[in-house]
Amino acid sequence: MLDKADGQNFTGNVRLVHAVGMHARPAVKLTKLAKKFQAQISVRVAGAPEWINAKSVAKIMAMRAAHGSTIEFKASGSDAEAAVAALVDLVARDFPDGAG
């Protein structure tokens, strides 16, 4: 799901289907993909009080997103919409090899 918030802010959310949740391999793929965009990208587990930098592997792993949880993204900048769409797609497709 992708929504345009205000101005150039875009948000999206996706269910984490990876069997063991957000461990090292998917966290690395997510941050590698996030770094391809100029946008400021933040991520959190739905309902968490704090947004974290989607370009930090350590912070993504520390998020401890469990299998079945909803991951929320928000981004701002020139390529924010593309960034959110790409990250939502990566998670939805369960971090396939060759992605990121």
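Here is what the cut-offs are and how they apply
Residues numbered from 1 in each chain as written. Predicted model: local features only at pLDDT ≥ 70, side-chain atom pairs only at ≥ 80, totals over all residues. Heavy atoms only, no water. Core = buried A, V, L, I, M, F, W, Y, C linked by side-chain atoms within 4.5 Å. Buried < 20%, exposed > 50% of the residue type's maximum accessible area, 1.4 Å probe, protein only. Helix = DSSP H or I, 4+ residues; strand = E, 2+ residues; numbered from the N terminus. Contact = heavy atoms within 4.5 Å. Pairing = 2+ DSSP bridges. Axes fitted to C-alpha atoms, helices over the stretch in contact; angles between N-to-C directions. Parallel < 35°, antiparallel > 145°, perpendicular 65-115°, else oblique. Left-handed = near helix turned anticlockwise from the far one by under 90°. Nonpolar A, V, L, I, M, F, W, Y, C, P; charged D, E, K, R; others polar. Salt bridge = Lys/Arg side-chain N within 4 Å of Asp/Glu carboxyl O.

**Student:** Whenever I open this one, the nonpolar core confuses me. Can you help?
**Tutor:** Within the largest apolar cluster, 28 residues are counted, with the highest numbers of intra-cluster contacts made by Met22, Leu30, Ile41, Val43, Ile71 and Phe73. Where this core is concerned, the elements lending two or more residues are strand E2 (9-15), helix H1 (24-34), strand E3 (40-45), strand E5 (70-76) and helix H3 (80-92). Examining the composition of this core, we find that seven residues originate from one element, H3, more than from any other. In this view, isoleucine 41 contacts Ala34, Ile52, Asn53, Ala54, Lys55, Lys74, Ala75, Ala83 and Leu87; residues no more than four positions away in its chain are not counted.

**Student:** Please explain unusual backbone geometry as it appears in this structure.
**Tutor:** Residues apart from glycine generally show negative phi values, whereas peptide bonds are mostly found in trans. Positive phi is not limited to glycine here, since arginine 64 has a value of about 50°. One non-glycine residue, phenylalanine 95, lies in the positive phi region at around 55°. Note on placement: phenylalanine 95 falls in the segment after H3.

**Student:** How do you make sense of the pairing of E3 when you look at a structure like this?
**Tutor:** Looking along a regular strand, one sees the side chains alternate between the two faces of the sheet. The pairing of E3 with E5 spans six bridges and is classified as antiparallel. Each residue of the ladder has a partner; that of valine 45, found in E5, is isoleucine 71. Sheet analysis places E3 next to strand E4 (residues 52-53), joined by two bridges and oriented antiparallel. In the sheet register, valine 43 faces E4, and the bridge partner there is isoleucine 52. Between the antiparallel neighbours E3 and E4 lie six residues, among them glycine 47 with a positive phi of about 90°.

**Student:** Looking at this structure, how should I read the packing of H1 against H3?
**Tutor:** In a pair of packed helices, the angle between the axes and the distance between the axes together describe the arrangement. At a minimum axis distance of 10 Å, the contact between H1 and H3 shows a crossing angle of 160°. Considering the angle they form, H1 stands roughly antiparallel to H3. Handedness of the H1/H3 crossing: right-handed. Along the contact surface, H1 presents Lys29, Leu30, Leu33 and Ala34, while H3 presents Ala86, Leu87, Leu90 and Val91. For the contact of H1 with H3, a count of residues per class yields seven nonpolar, no polar and one charged.

**Student:** Would you take a moment to explain the pattern of salt bridges for this structure?
**Tutor:** Oppositely charged side chains can pair when the atoms bearing their charge come close. If you walk through the whole model with that rule in mind, you get four salt bridges. We note a salt bridge from lysine 29 to aspartate 97, for which the minimum N-O separation is 3.1 Å. Taken together, the residues lysine 29 in helix H1 and aspartate 97 in the segment after H3 connect sequence positions 68 residues apart. The partner of arginine 93 in a salt bridge is aspartate 89, and the shortest N-O contact between them spans 2.8 Å. Residue classification places arginine 93 among the partly exposed residues on the basis of a relative accessible area of 47%. By relative accessible area, which is 34% here, aspartate 89 ends up partly exposed. Residues joined by salt bridges that share partners form a network here, namely Arg25, Lys29 and Asp97.

Interpretation in functional terms is not warranted from these geometric data alone.
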